[in-house]
Amino acid sequence: MRMFCLSLALTASAFAQSESVQQLLDGAVKRGVSIVRLPAGRVPVAGRLTLNGADGLTIDGAGTTLVFSDHSSVGWSFNGCRGLTLRGFTIDYDPLPFIQGRITERSEDGKRYDFAVSAGYPELKEADQRYYRQAYIFEPDRPRWKPWVPDIYARRVEIIDERHGRFVMGYSPARHDLIAVGDRIVLTIRSGGAMRMNGCENVRIEDVTFLAAPGAAYLGRYMRGDNYYRYTIKPGPTPVGATEPRLMSSCADGLNIAFATKGPTIEGCRFSFMGDDSVNLHGVTFAVVGSESPIDVLVAWPYSAEQLASVIPKGGTARRLRPGNYEVLSTAVISGFTPLKTCTDEQRAAIHQVWPRGQKGRGTVFRLSLEEPLDAQVGEFIDVPDNNAPGFVIRDCVFEDHRARGLRLMAARGLIENNTFRRLKMNAITIGAEYGFWREAGWAEDIVIRGNTIEDVC
C-alpha cells in the first residue's frame, strides 16, 4: 500500500511517463484503496475515463486540472459506484467545445449573419458542421448574453474558410433588429458531456470546478441514496493567442438528474455561462401500449432498457394520465417492473408516434405490475413520482449569466432556499411537468420556496 500511495503522489511530468489516469483509477478499484490523489498541474486525458464499481473511494485533486479533448461522448463516466467522493479538481477541454467570434455582416431580414472566428478559438471544421446549429449572441464589449435577443438556429452554416462562416436561418428571429455587426456570437458543439454517473449511490462532489463541457457538466441517471453536490461552473482562462475571454462554460445543463429514487442536496454551488438550465430534475413518462391483465400494464419508452428497473420502486405510486392535458385519472401501488425482451412492430410504431424525435424502430416495452387495477388504456400515459428525484434540497447557490432557466424541476417534496438568480435568459425557477414535448415527467407538489433573490431574469 505504501508503494502505491507514493505512485499516486507523482508530479505531473513524472505521471505522464508512468501511469495514465485510467490506469490509476483501475488500480485503485482493484486494490481497494480508500483515496486516490491526482497529480498537480494540467493533466491531458487521452480519450475518456471510466470508473466502475468503486466502493468508498475518494478522488482528491487539489491543484489538478484534467484536460479532455474528446467532444463526441461523456468525458468521465462512473458506473455502479457507492460511497464515492470527488474533491478539489478542475475539468477543462482543449480544444474548446465551442466556436467564438464576432458578427461582421448581416442581412436586413435577420436570416443571415457572417462572422469571423476570434483569435485563439477553435477553427471551423467540415467534420463538425452538423453541430453548428444553435448560436448565442453576446454583447460586443462585455461578457453577457445580449438582452432580449433570442437564441438563433441555423438551416445551415456555410464554412467560408477555417476562420470565417455564414450562419443562415430559415426564418427571421424575433427582435433580430437588436443583433448588430460587432456583436459576439458563440456556436456550441453540444454533443457529449463532462461527467455522467449511472446507477451510483451516496455520492459527494465537493469543490470541483467545470471550466468547459461539450454538453452538460454533470448528468446523473438511476441514482439512489443521499447524493451531495457543491461545485462551480464558470468559463476557463483566456486561451493562448486569444485577446477575448471565454463566453461559455458547459454547452448544456449544469446539473441534470433523472430517474432517481431520492433527490440530491445541491448546496453552495455557483453556476454561470452554461448553454442550458442550471438544474434539471425529472423522471420518465411512459406510453401505455397494451395490457396482460387488469393489474399488468405494458408501458414503453424510446430507449433501451438501461437500468430503469432499478429505480422504479416496489410500493411506489403509478399515476395514470389523460392524453392532452395529463390530468391524473387514477393511481395504483407498484408491485413489480420488468423489461420485456421483445417489442412488436405495432409497439415500435406507437413509441415512434409518441416520441417522433427518437430513432425510429427503437424502444423498450416494460411490464408494470400493480397491486390494484389502474384501468389504463392504450394511448394514455403513466408516470412514477417516486422516480423523479423526490426530496431534493437546493440552497445557498448562485445561478447567474446563463441561457435558459435557473431551476427546471419536475420533482416533489423539495426545498429551494436562500439562492440567488441573476441575469438569466429565462425563468429563475420553473416547477411542474413537461409531458408534452420532452416528456420529462412530472407534476410537482409539497415544495417550499423561501429566501431566494431574483434579479434581471427573463
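Located above this text is the structure these notes cover.
Caption draft 1: Highlighting the overall build of the chain. Within the chain one finds 4 helices and 37 strands. In terms of C-alpha radius of gyration, the chain reaches 23 Å, essentially the compact-globule figure of 23 Å for 458 residues. Evaluated residue by residue, the chain yields a buried proportion of 55% over its 458 residues. The long-range share in the chain, meaning contacts at least 24 apart out of those at least 6 apart in sequence, stands at 70%. Split by element, the accessible area of the chain, about 18800 Å² in all, is 49% carbon and sulfur. Averaging the positions of the 54 positive and the 53 negative side-chain charges in the chain gives two centres separated by 2 Å.

Caption draft 2: Quick look at the pattern of salt bridges. Evaluated as defined, the whole model comprises 37 salt bridges. Residues arginine 166 and glutamate 158 are paired through a salt bridge, measuring 3.2 Å at the closest nitrogen-oxygen approach. What makes arginine 166 partly exposed here is its relative accessible area of 25%. Note on glutamate 158: relative accessible area 25%, which makes it partly exposed. Across the pair glutamate 380 and arginine 320 runs a salt bridge, and its minimum N-O distance is 2.8 Å. Taken together, the residues glutamate 380 in the loop between strand S28 (364-370) and strand S29 (381-383) and arginine 320 in strand S26 (residues 317-321) connect sequence positions 60 residues apart. The structure contains a network of salt bridges with shared partners spanning Glu105, Arg112, Asp114, Arg156, Glu158 and Arg166.

Caption draft 3: Layout of the nonpolar core. By size, the foremost hydrophobic cluster in this structure holds 93 residues, and its most contacted members are Trp76, Met195 and Met197. Those residues in contact with tryptophan 76 that lie beyond four places of it in its chain are Leu25, Leu49, Thr50, Leu51, Ile59, Leu66, Phe68, Phe89, Ala194, Met195 and Arg196. Counting 37 residues, the second-largest nonpolar core is a separate cluster that includes Val289, Leu298, Leu370 and Ala441.

Caption draft 4: A look at the sheet that holds S26. As summarised here, the arrangement of the 6 strands in space is S24-S25-S28-S27-S26-S29, forming a closed barrel in which the pairing is antiparallel. When strand polarity is set aside, the average angle formed by the axes of neighbouring strands in this sheet is 50°. One ladder, built from 5 bridges, connects S26 with strand S27 (residues 328-339); its direction is antiparallel. Bridged to threonine 317 within S27 is valine 333.

Caption draft 5: Layout of the sheet that holds strand S20 (residues 255-258). Read from one edge of the open sheet, 8 strands run S3-S6-S16-S18-S20-S23-S32-S35, paired in parallel fashion. The strands lining the two open edges of the sheet, one partner per strand, are strand S3 (49-52) and strand S35 (429-431). Neighbour-to-neighbour, the strand axes of this sheet turn through a mean angle of 10°, independent of strand direction. Both strand S16 (residues 193-198) and strand S18 (residues 216-221) contribute to a ladder of 5 bridges, which runs parallel. Across the sheet, the residue bridging to methionine 197 is glycine 220, located in S18. Most of the contacts of helix H3 (residues 21-31) go to S3, to which it runs at about 5°, and overall it touches S3 and strand S6 (74-79).

Caption draft 6: Structural detail: the packing of aromatic side chains. By the definition in use, this model includes 23 aromatic pairs. A ring pair is formed by phenylalanine 259 and tryptophan 301, whose centres lie 5.5 Å apart and whose planes are at 70°; its orientation type is edge-to-face. Taken together, the positions of phenylalanine 259 in the loop between S20 and strand S21 (265-267) and tryptophan 301 in strand S25 (residues 296-301) put the pair 42 residues apart, joining distant regions of the chain. Taken together, the ring pairs in this structure connect Tyr222, Phe259, Phe286, Trp301, Tyr303, Phe337 and Phe366 into an aromatic cluster.

Caption draft 7: Quick peek at the environment of valine 149. Relative to the helices and strands, valine 149 is located in the loop between strand S11 (134-138) and strand S12 (152-153). When the C-alpha atoms of valine 149 and proline 294 are compared, they prove to be 52 Å apart, with 145 residues separating the residues in sequence. Setting aside residues no more than four positions away along its own chain, valine 149 makes contact with Ile137, Leu178, Ile179 and Lys425.

Caption draft 8: Spatial organisation of unusual backbone geometry. Aspartate 94 connects to proline 95 through a cis peptide bond whose omega is 10°. Tracing the sequence through the fold places proline 95 in the loop between strand S8 (90-93) and strand S9 (98-106). Following alanine 441, the chain continues to glycine 442 via a peptide bond in cis, the omega torsion being 20°. Within the element layout of this structure, glycine 442 appears in the loop between S35 and strand S36 (447-450). In this model, aspartate 375 sits at a positive phi of 60°, which is unusual for a non-glycine residue. If you trace the backbone, aspartate 375 turns up in the loop between S28 and S29. In this structure, aspartate 401 takes a positive phi of about 50° despite not being glycine. Here aspartate 401 is to be found in strand S31 (residues 398-402). Residue classification places aspartate 401 among the buried residues on the basis of a relative accessible area of 8%.

Caption draft 9: Structural detail: H3. Turning to H3, its buried residues number three or more, namely Val21, Gln22, Leu24, Leu25, Gly27 and Ala28. Among the residues trailing H3, glycine 32 stands out with phi positive, at a value near 70°.

Caption draft 10: Quick look at the side chain of aspartate 151. On the secondary structure map, aspartate 151 appears in the loop between S11 and S12. In this structure aspartate 151 comes out as buried when scored by relative accessible area, which is 13%.

Rules of the game
Residues numbered from 1 in each chain as written. Predicted model: local features only at pLDDT ≥ 70, side-chain atom pairs only at ≥ 80, totals over all residues. Heavy atoms only, no water. Helix = DSSP H or I, 4+ residues; strand = E, 2+ residues; numbered from the N terminus. Rg over C-alpha atoms; globule rule 2.2 N^0.38 Å. Buried < 20%, exposed > 50% of the residue type's maximum accessible area, 1.4 Å probe, protein only. Contact = heavy atoms within 4.5 Å. Areas by Shrake-Rupley, 256 points an atom, 1.4 Å probe, with all protein chains shown as cover. Lys, Arg positive; Asp, Glu negative; His and termini not counted. Charge placed at Lys NZ, Arg CZ, Asp CG, Glu CD. Salt bridge = Lys/Arg side-chain N within 4 Å of Asp/Glu carboxyl O. Core = buried A, V, L, I, M, F, W, Y, C linked by side-chain atoms within 4.5 Å. Pairing = 2+ DSSP bridges. Axes fitted to C-alpha atoms, helices over the stretch in contact; angles between N-to-C directions. Phe/Tyr/Trp six-rings, centres within 6.5 Å; stacked < 30°, edge-to-face > 60°.

Everything listed here is a matter of geometry and, on its own, says nothing about what the molecule does.
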